Amino acid sequence: DAGVIQSPRHEVTEMGQEVTLRCKPISGHDYLFWYRQTMMRGLELLIYFNNNVPIDDSGMPEDRFSAKMPNASFSTLKIQPSEPRDSAVYFCASSLMGLGVQETQYFGPGTRLLVL
Amino acid sequence: SQQGEEDPQALSIQEGENATMNCSYKTSINNLQWYRQNSGRGLVHLILIRSNEREKHSGRLRVTLDTSKKSSSLLITASRAADTASYFCATAYYNQGGKLIFGQGTELSVKP
């Protein structure tokens, strides 16, 4: 398997523009996570899905952020409109649940977002 | 917050020395995991230790878990320059469903 795939790897946009980040999880994994990492706040969990259903979106900063998982092999994280404070590295990760408790998560390479 | 706390925040050592990083957490866990992140890359899973285990080894890595103190340590023996990275602990709690709770990380620098 190629691992978790994210696109684009880098995104530079202007404030107010819509940004869409994409993720393809490892085939067969039933959990998908979106994280954001900044120097100031570290690694933050934004939202996660189980079998394509959003389970916990309490980490989504505000209504400008939305995430979807239309099928088991694809997820998007959308920011509309984007703001400079959204600049960060966004990671997608996937995993298999083991006996009701989270096991190893496999991270993608991340999307480095810069909002000017 | 249930977030793990890591200590130290940064560690600088010479190649060949051992590096020890610590992680503390607040409530009962099912397992604790350690991840490495090289600069500009995603996190990579290193090792998982379950609550009924006390010590685990993987190559030059040794992880211990003390559930009475709610703490874990990661020891890297005979460090190499390639070990330079950030190291994160992550905890899986029984009441957290699918979530892992990540610590803030320890930044390790190994000088050649």
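Residues numbered from 1 in each chain as written. Chains lettered and ligands numbered in written order. Predicted model: local features only at pLDDT ≥ 70, side-chain atom pairs only at ≥ 80, totals over all residues. Heavy atoms only, no water.

Enquirer: Describe the sheet that holds strand S1 (residues 5-7) of chain B, listing the residues and the values that go with them.
Expert: Residue and element names in this part refer to chain B. Reading across the sheet, the five strands line up as S1-S3-S8-S7-S6 and stay open at both edges, with antiparallel pairing between neighbours. Two strands close off the open sheet at either side, each with one partner strand: S1 and strand S6 (55-58). Put simply, the sheet's adjacent strands are angled 15° from each other on average, direction ignored. Where S6 meets strand S7 (residues 61-66), four bridges bridge the pair, whose relative direction is antiparallel. By the bridge assignment, serine 58 is partnered in S7 with leucine 61. (Pairing = 2+ DSSP bridges. Helix = DSSP H or I, 4+ residues; strand = E, 2+ residues; numbered from the N terminus. Axes fitted to C-alpha atoms, helices over the stretch in contact; angles between N-to-C directions.)

Enquirer: If you had to explain the environment of tyrosine 87 of chain B to someone new, which residues and values would you point to?
Expert: Residue and element names in this part refer to chain B. Here tyrosine 87 is to be found in strand S9 (residues 85-93). Accessibility expressed as a relative area gives 2% for tyrosine 87, which makes it buried. As a C-alpha pair, tyrosine 87 and arginine 36 span 51 residues in sequence and 4.5 Å in three-dimensional space. Ignoring anything within four residues of it in the chain, the contact list for tyrosine 87 reads Glu6, Met21, Tyr35, Arg36, Leu46, Leu74, Ile76, Gly105, Thr106 and Leu108. Polar side-chain contacts of tyrosine 87 include one of 2.6 Å to the backbone oxygen of aspartate 83. (Buried < 20%, exposed > 50% of the residue type's maximum accessible area, 1.4 Å probe, protein only. Contact = heavy atoms within 4.5 Å. Polar contact = N/O pair within 3.5 Å; in protein donor to acceptor, adjacent residues only side chain to side chain.)

Enquirer: If you had to explain the side chain of threonine 111 of chain A to someone new, which residues and values would you point to?
Expert: All names here are of chain A. Position of threonine 111 relative to the elements: it lies in strand S11 (residues 111-115). On the basis of relative accessible area, threonine 111 is assigned to the buried category, the value being 0%. Setting aside its immediate chain neighbours within four residues, threonine 111 contacts Gln6, Ser7, Pro8, Arg9, Leu21, Ala88, Val89 and Tyr90.

Enquirer: Let's hear about the sheet that holds strand S7 (residues 65-71) of chain A: which residues, and what values?
Expert: Residue and element names in this part refer to chain A. A sheet is described by the order of its strands in space; here four strands give the open sequence S1-S3-S8-S7, paired in antiparallel fashion. Two strands lie at the open edges of the sheet, namely strand S1 (5-7) and S7, each paired on one side alone. Along the sheet, successive strands turn relative to each other by an average axial angle of 15°, direction set aside. When strand S3 (residues 19-24) meets strand S8 (residues 74-79), the two strands line up antiparallel, connected through five bridges. Looking across to S8, one finds that valine 19 is bridged to isoleucine 79.

Enquirer: Which residues make up unusual backbone geometry, and what values do they have?
Expert: Here the amide bond leading from glutamine 80 of chain A into proline 81 of chain A is cis, since omega sits at -5°, within 30 degrees of zero. Residue position: proline 81 of chain A is located in the loop between S8 and strand S9 (88-98). For the peptide bond that leads from aspartate 7 of chain B to proline 8 of chain B, omega is -5°, which places it in the cis range. Along the chain, proline 8 of chain B turns up in the loop between S1 and strand S2 (10-14). The phi angle at asparagine 51 of chain A is positive, at roughly 50°, despite the residue not being glycine. Following the sequence through the fold, asparagine 51 of chain A ends up in the loop between strand S5 (42-50) and strand S6 (53-56).

Enquirer: Give a description of the pattern of salt bridges that names residues and reports values.
Expert: Enumeration according to the criterion identifies 13 salt bridges over all chains in this entry. Among the salt bridges present, the one from aspartate 56 of chain A reaches lysine 99 of chain B, with a minimum N-O distance of 3.1 Å. Remark: lysine 99 of chain B occurs in the loop between S9 and strand S10 (101-102) and aspartate 56 of chain A occurs in strand S6; the pair is interchain, linking two chains. Two residues, glutamate 62 of chain A and arginine 64 of chain A, come together in a salt bridge whose shortest N-O distance is 2.9 Å. Look at arginine 64 of chain A and you get buried, because its relative accessible area is 10%. (Salt bridge = Lys/Arg side-chain N within 4 Å of Asp/Glu carboxyl O.)

Enquirer: Before we move on, can you summarise the interface of chain B and chain A with the specific residues and values?
Expert: Contacts between the two partners involve 21 residues from chain B and, on the opposite side, 20 residues from chain A. Of the roughly 1,500 Å² buried between chain B and chain A on both sides combined, carbon and sulfur atoms contribute 54%. Here chain B is connected to chain A by one salt bridge. Those elements that provide at least two residues to the side of chain B that touches chain A are strand S4 (29-37), strand S5 (43-50) and S9 of chain B. (Buried area = accessible area lost by both parts, 1.4 Å probe.)

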